[in-house]
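Below are the chains, spelled out letter by letter.
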Amino acid sequence: MYYPNKLKSNNKFHPIIPALMMVTLFAFAAIFIDISAGLFVMFICFALFAVFSFTLFLRTHNSSFLVGGLMQLLFAFYFATLPEGFIPFPEKKMAWFLYFCGIVIGIWMIILVVVRRKNKFKGRELFELVANATELASDGFTDRPRPAGKTTYTKDELLGFAEYIRRNLIALPYMEEDRVVLVPIRMGDEYHFNFSPESFRHGRTWIAFDFQGNITVSMSKRDYLAYKEELSFDQLCSNLGKLFIDFFELFKQGDGIRIIDRLNSLKQNPITE
Amino acid sequence: MDFKQAAILGSYISKDYAEDLFRLLATYTSISASEAASRLDLHIKTVQDFLEAMSDLGFLVKEEVYEKKRPYFRYMLKKKKISMDLDLVPLFPKSATDHRTDLRIRERKNAGARFTTSRNNQYISNVVIWIGQGRERTERRINLTIPQGQFLFHLPFPSADFQSIHKIMEKADVDSSNLSEILDIVDALIEFNVIEQEKQI
């Protein structure tokens, strides 16, 4: 099915900013000190990236970040064990084995990222789907949450759904006393979320499922303004609620994979969007 | 006695010199403001205002007298008993099945109001409205009852279709016995340009 993009395009440079910073630091260290210093900088950068990925894995339970973290750790190890590195490997066989592991994990990572879109934050797909059947209407924004309906589920089903949504990077669940709040996350938002998960949720769109079956939606101004056109705010909120109710129904029927298929069918760029 | 008269009586009767002034009025056949003021050691304007108010309410008789100087008023007690009978009936809403439940409303576009949800997030607990411009701008917070909060939680968004008050109350599960307070908050928010009503063609 063809969905015309209704969201403004993302900042396409955000994925390469850390890499650019790393290369710049490497160049400075290599030019002004020596190549060993440059390799040490690379080691530190990759080690930090690995820590970032492992933290993201702990927060999202998405295995692709574990694979990514392992790959980054091997890269860090690679730069440390080069002949000019600060712990050069005397054993060549051992070095080749580690490089081989790095290549295997790298290929695995490419498959996860590009083919299976496993580490793609799918907030953008959500907002595109929601806007698909929405009419144009100006000045509709309000910061009031909207009741989006009522459905039946058990607390365990809700917690299972929240975990599924988290693991597949559709939204991040926040457990409250009497409800679960799901906050959609888009590519580029992971830095804010990983560094400060509690402050991340403030001022963002959310969908709340309480333990009595009530569903409430609140769309942030930031997400509303991300659309190219002025869409009916009421319909956007209503559609967002309906979409999550549909997703929950699919999950309860054991067809969770259909949720992912539906989101992936929009074919958004797996790295930049 | 209407509300305005009751308010005047209440405010004067609550003064700590009120009993002393009535005692003087009961003791003297008639008394002027200056005589009463000098007797009680009060400012003449204070006593004059009190006597004028009581006279306007019909508890005193006021008589203009002319001596060699300029004319002045003497006051005489007209009643030995003052009773406050306040009619609250006009303040009640006309009827519970008010035709205004058919009024179709929604939130106004760019209303600029801030809605705060309750702790359980199933109703609005207060609405904050900004009144005035620039440095004169002030914040007006209206704390809501639970039925009012449930009603506003289900109020149609600015881009949604208008809905009747009756329908919104039904969706919000608000009992019809709460109609008068719902109509009150709707009226207040229409006045503050937070809610708009559908124009009749």
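All values derive from a computational prediction rather than experimental measurement.

Our next topic: the packing of aromatic side chains. Two aromatic rings, taken as a pair, are described by how far apart their centres are and by the angle between their planes. Going through the model one piece at a time under the given rule, you end up with 28 aromatic pairs over all chains. Taken together, the aromatic side chains of Tyr153, Phe161, Tyr164, Phe209, Phe248 and Phe251 of chain A make up a single cluster linked through ring pairs. Residue placement shows Arg144 of chain A over the ring face of Phe115 of chain B; its charged tip is 5.2 Å from the ring centre. Taking the ring centre of Trp206 of chain A as reference, the NZ or CZ of Arg179 of chain A above it sits at 5.0 Å.

When the parts of a complex come together, some accessible area is lost, and that lost area is often taken as the interface size. Counting from both sides, the interface comprises 22 residues of chain A and, opposite them, 21 residues of chain B. Both sides together, the interface formed by chain A and chain B hides about 1,600 Å², and carbon and sulfur atoms give 50% of it. When the buried area of chain A at its contact with chain B is split by residue, Asp139, Arg144 and Pro147 of chain A rank highest and sum to 36% of it. Here chain A and chain B share one salt bridge between them. Linking Glu107 of chain B and Arg144 of chain A is a salt bridge whose minimum nitrogen-to-oxygen distance equals 2.9 Å. Applying the counting rule to chain A against chain B returns nine residue pairs in polar contact (both at pLDDT 80 or more). When residues of the side of chain A that touches chain B are assigned to their parent elements, the largest contribution, three residues, is made by helix 10 (residues 233-252) of chain A.

Attention shifts here to the pattern of salt bridges. All names here are of chain A. Within this structure, the stated rule accounts for 21 salt bridges over all chains. Ionic pairing is found between Glu176 and Arg201, a salt bridge with its closest N-O pair at 2.6 Å. One end of the pair, Glu176, is in the loop between strand 2 (171-175) and strand 3 (179-184); the other, Arg201, is in the loop between helix 8 (197-200) and strand 4 (206-210), with 25 residues separating them in the sequence. For Asp189, the salt bridge is made with Arg204, and the minimal N-O distance between the two is 3.3 Å. Placement of the pair is Asp189 in the loop between strand 3 and helix 7 (190-195) and Arg204 in the loop between helix 8 and strand 4, with a sequence separation of 15 residues.

Despite not being glycine, His61 of chain A shows a phi value in the positive range, around 65°. Note on placement: His61 of chain A falls in the loop between helix 2 (35-60) and helix 3 (63-81). With a phi close to 60°, Asp173 of chain B is a non-glycine residue in the positive phi region. For Asp173 of chain B, the position within the fold is in the loop between helix 6 (165-171) and helix 7 (179-191).

For the rest of this paragraph, the subject is the domain arrangement of chain B. As assigned here, chain B comprises domain 1 (3-77) and domain 2 (90-197). The centre of domain 1 of chain B, based on its C-alpha atoms, is set 47 Å off from the matching centre of domain 2 of chain B.

On to the nonpolar core, then. Formed by 42 residues in total, the largest nonpolar core has its most connected members in Phe161, Leu182, Phe209, Met219, Tyr227 and Phe244 of chain A. At the level of elements, helix 5 (123-132), helix 6 (155-167), strand 3, strand 4, strand 5 (214-218), helix 10 and helix 11 (256-264) of chain A are the ones that each hand at least two residues to this core. Examining the composition of this core, we find that ten residues originate from one element, helix 10 of chain A, more than from any other. Apart from residues no more than four positions distant in its own chain, Met219 of chain A is found in contact with Phe127, Phe141, Thr205, Tyr224, Tyr227, Phe233, Leu236, Cys237 and Leu240 of chain A. In terms of nonpolar packing, the next biggest core, distinct from the first, is built from 27 residues, Phe115, Ile124, Met169 and Ala172 of chain B among them.

Right, let's get into the side chain of Ser118 of chain B. Residues and elements named next belong to chain B. Tracing the backbone shows Ser118 in the loop between strand 5 (114-117) and strand 6 (124-131). Using a relative accessible area of 8% as the deciding quantity, one classes Ser118 as buried. Those residues in contact with Ser118 that lie beyond four places of it in its chain are Tyr123 and Ser125.

Rules and cut-offs
- Just so you know, the residues in each chain are numbered from 1, in the order the chain's sequence is written.
- Each chain gets a letter, beginning with A, and each ligand a number, beginning with 1, in the order they are written.
- Where totals are concerned, whole chains, interfaces and linings use all residues; where local detail is concerned, this predicted model gives features only for residues with pLDDT of at least 70, and gives and counts side-chain atom pairs only at 80 or more.
- By convention in this description, side-chain values take in all heavy atoms of the structure and omit both hydrogens and water.
- Only Phe, Tyr and Trp rings take part, Trp by its six-membered ring, and two of them pair if their centres are within 6.5 Å. Stacked means planes under 30 degrees apart, edge-to-face means over 60, and tilted covers everything else.
- In our convention, an over-ring charge means Lys NZ or Arg CZ found within 6 Å of a ring centre and within 35 degrees of that ring's normal.
- Contact definition: two residues touch when any of their heavy atoms are within 4.5 Å.
- Defined here as a combined quantity, buried area equals the accessible surface (1.4 Å probe) lost by two parts on assembly, summed across both.
- Just to be clear on terms, a salt bridge is a Lys or Arg side-chain nitrogen sitting within 4 Å of an Asp or Glu carboxyl oxygen.
- Each polar contact in these results corresponds to two N or O atoms within 3.5 Å; when the atoms are within protein, one needs to be able to donate a hydrogen and the other to accept it, and residues that are neighboring in sequence are counted only if both atoms are side-chain atoms.
- Helix and strand definitions here come from DSSP, where helices need a minimum of 4 consecutive H or I residues and strands a minimum of 2 consecutive E residues; each element is numbered from the N-terminal end.
- The split into domains, and so the bounds of each, comes from an automatic or database assignment of domains.
- We define a nonpolar core as any set of buried Ala, Val, Leu, Ile, Met, Phe, Trp, Tyr and Cys residues linked to one another through side-chain atoms lying within 4.5 Å.
- Here the term buried applies to any residue with accessible area under 20% of the maximum for its type, exposed to any over 50%, and partly exposed to those in between, with areas from a 1.4 Å probe on protein chains only.

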